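Each chain is listed here by its residues.
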Amino acid sequence: MCLGLGLLAGGGGAAAGGAAAAGGAAAAAGGAAAATAATTAATSASFLGLGSAVAKPFLISSALNLGTNIFQVAQQRSLIFDQARGIYASSLKMMENANKAKADQEKAILAIQQEKDKAKKEKIMTAKVQGLQLEGALKATEKSGNTIALLLQDIENQTANVTQGIESERDGILAQTQMDIDGVKATRDNRFNAAKDQITKATNAVNNAPTLFGAVMNSLATSATSYATLRAV
């Protein structure tokens, strides 16, 4: 009986020793995890020079600021480029329409000038025919002398005056035609210049559009300012 009790007592001691060993292992594992977390926090804090409670929010805020800036700049660039493409297309269409309008107007002006010139030529022909008829009628009288000679000269002079007047009108028509054509050309050139100005403005807008690199640099500058403020605190 004493021997049995001794064995039981010895077994109980061994069990108690095992339980104590298991508890010690668990405590050691927990301590290692805590040490790792503390090391990570300490590393972050030491890297930024900020406390662990401040470093994480700072990094999250900086990341959000960077993402927002990049998104906004991407939207701005897309809007500027879309507007530029629209301006390029409308400007080219404006120039095309200006050329067409110039050609159509010149065609109409020349057609009017040709009709007027044709009418003046017919008047000149009529005046010459009438002069010849008067001369022929006078000569048919078979009379001679200074009076007849003066009458013939007068008919010739009157015919020449009429034809010269009509020729002057033709010159005036030609001059007006040239002025009208010059005006049409000037209108076309003004439209061209307006279209070119629009293209130049659109090109400048594209060249001056914000860049993604600029968005990154602005975010870095903001983060640096925030960091300096946090460090000062």
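The shown structure was predicted, so the numbers you read here are calculated from the model rather than taken from an experiment.

Q: Just to check I follow, could you spell out the overall build of the chain for this structure?
A: Looking only at helices and strands, one finds four helices and zero strands in the chain. Written out in order from the N terminus, the α and β elements of the chain read α-α-α-α. Taking all 233 residues of the chain together, the buried fraction comes to 18%. Accessible area of the chain: about 16,000 Å², with a carbon and sulfur share of 63%.

Q: Can you help me understand the environment of Ala149 in this one?
A: Among the structural elements, Ala149 can be located in helix 3 (residues 146-207). In this structure, the C-alpha to C-alpha distance between Ala149 and Lys139, residues ten residues apart in sequence, is 9.7 Å.

Q: Looking at this structure, how should I read the packing of aromatic side chains?
A: Centre-to-centre distance and the angle between the planes together describe a pair of aromatic rings. Applying the stated criterion across every chain, the model contains zero aromatic pairs. The lysine or arginine in question, Arg188, covers the ring of Phe192, its NZ or CZ lying 5.1 Å from the ring centre.

Q: Sorry, what's going on with the pattern of salt bridges here?
A: Pairing between side chains of opposite charge can happen when their charged atoms approach one another. Under the counting rule described, the total for this entry stands at nine salt bridges. As a salt-bridge pair, Asp117 and Lys121 come within 3.6 Å of each other at their nearest N and O atoms. Residue Asp117 and its partner Lys121 are both found in helix 2 (residues 52-139); the two are separated by four residues, about one turn of the helix. Owing to a relative accessible area of 11%, Asp117 belongs among the buried residues under this scheme. Looking at Lys121, the relative accessible area reads 45%, which means it is partly exposed. For Asp189, the salt bridge goes to Lys185, with nearest N and O atoms at 3.2 Å.

Q: Even after reading the chapter, I still don't get the side chain of Gln113, so can you show me in this structure?
A: Position of Gln113 relative to the elements: it lies in helix 2. A relative accessible area of 11% means that Gln113 is categorised as buried. Those residues within four positions of Gln113 in sequence are excluded, and the remaining contacts are Ile173, Leu174 and Thr177.

Q: What exactly am I supposed to notice about the confidence of the model for the chain here?
A: Close inspection of predicted coordinates is inappropriate in any region flagged by low pLDDT. Residues with a pLDDT of 70 or more make up 69% of the chain, whose mean pLDDT is 76. The weakest mean pLDDT in the chain belongs to helix 1 (residues 2-48) at 37; the strongest belongs to helix 3 at 93. Overall, residues 1-47 carries pLDDT values under 50, and its contacts beyond four positions in sequence, including any with other chains, amount to four contacts.

Q: Would you explain a nonpolar patch on the surface in this entry?
A: There is a patch of nonpolar side chains on the surface, built from Leu66, Ile70 and Leu212 and spanning about 210 Å² of accessible area. When you line up the elements, Leu66 lands in helix 2.

Q: I'm lost on the environment of Asp180 in this one. Help?
A: With respect to the helices and strands, the residue Asp180 is situated in helix 3. The exposure class assigned to Asp180 is partly exposed, which follows from its relative accessible area of 32%. Placed 75 residues apart in sequence, Asp180 and Gln105 show a C-alpha to C-alpha distance of 9.0 Å.

Definitions and cut-offs
Residues numbered from 1 in each chain as written. Predicted model: local features only at pLDDT ≥ 70, side-chain atom pairs only at ≥ 80, totals over all residues. Heavy atoms only, no water. Helix = DSSP H or I, 4+ residues; strand = E, 2+ residues; numbered from the N terminus. Buried < 20%, exposed > 50% of the residue type's maximum accessible area, 1.4 Å probe, protein only. Areas by Shrake-Rupley, 256 points an atom, 1.4 Å probe, with all protein chains shown as cover. Phe/Tyr/Trp six-rings, centres within 6.5 Å; stacked < 30°, edge-to-face > 60°. Lys NZ or Arg CZ within 6 Å of the ring centre and 35° of its normal. Salt bridge = Lys/Arg side-chain N within 4 Å of Asp/Glu carboxyl O. Contact = heavy atoms within 4.5 Å. pLDDT = per-residue confidence, 0-100. Patch = residues over 30% accessible without salt bridge, like charges linked within 9 Å, V, L, I, M, F, W, Y side chains within 5 Å.

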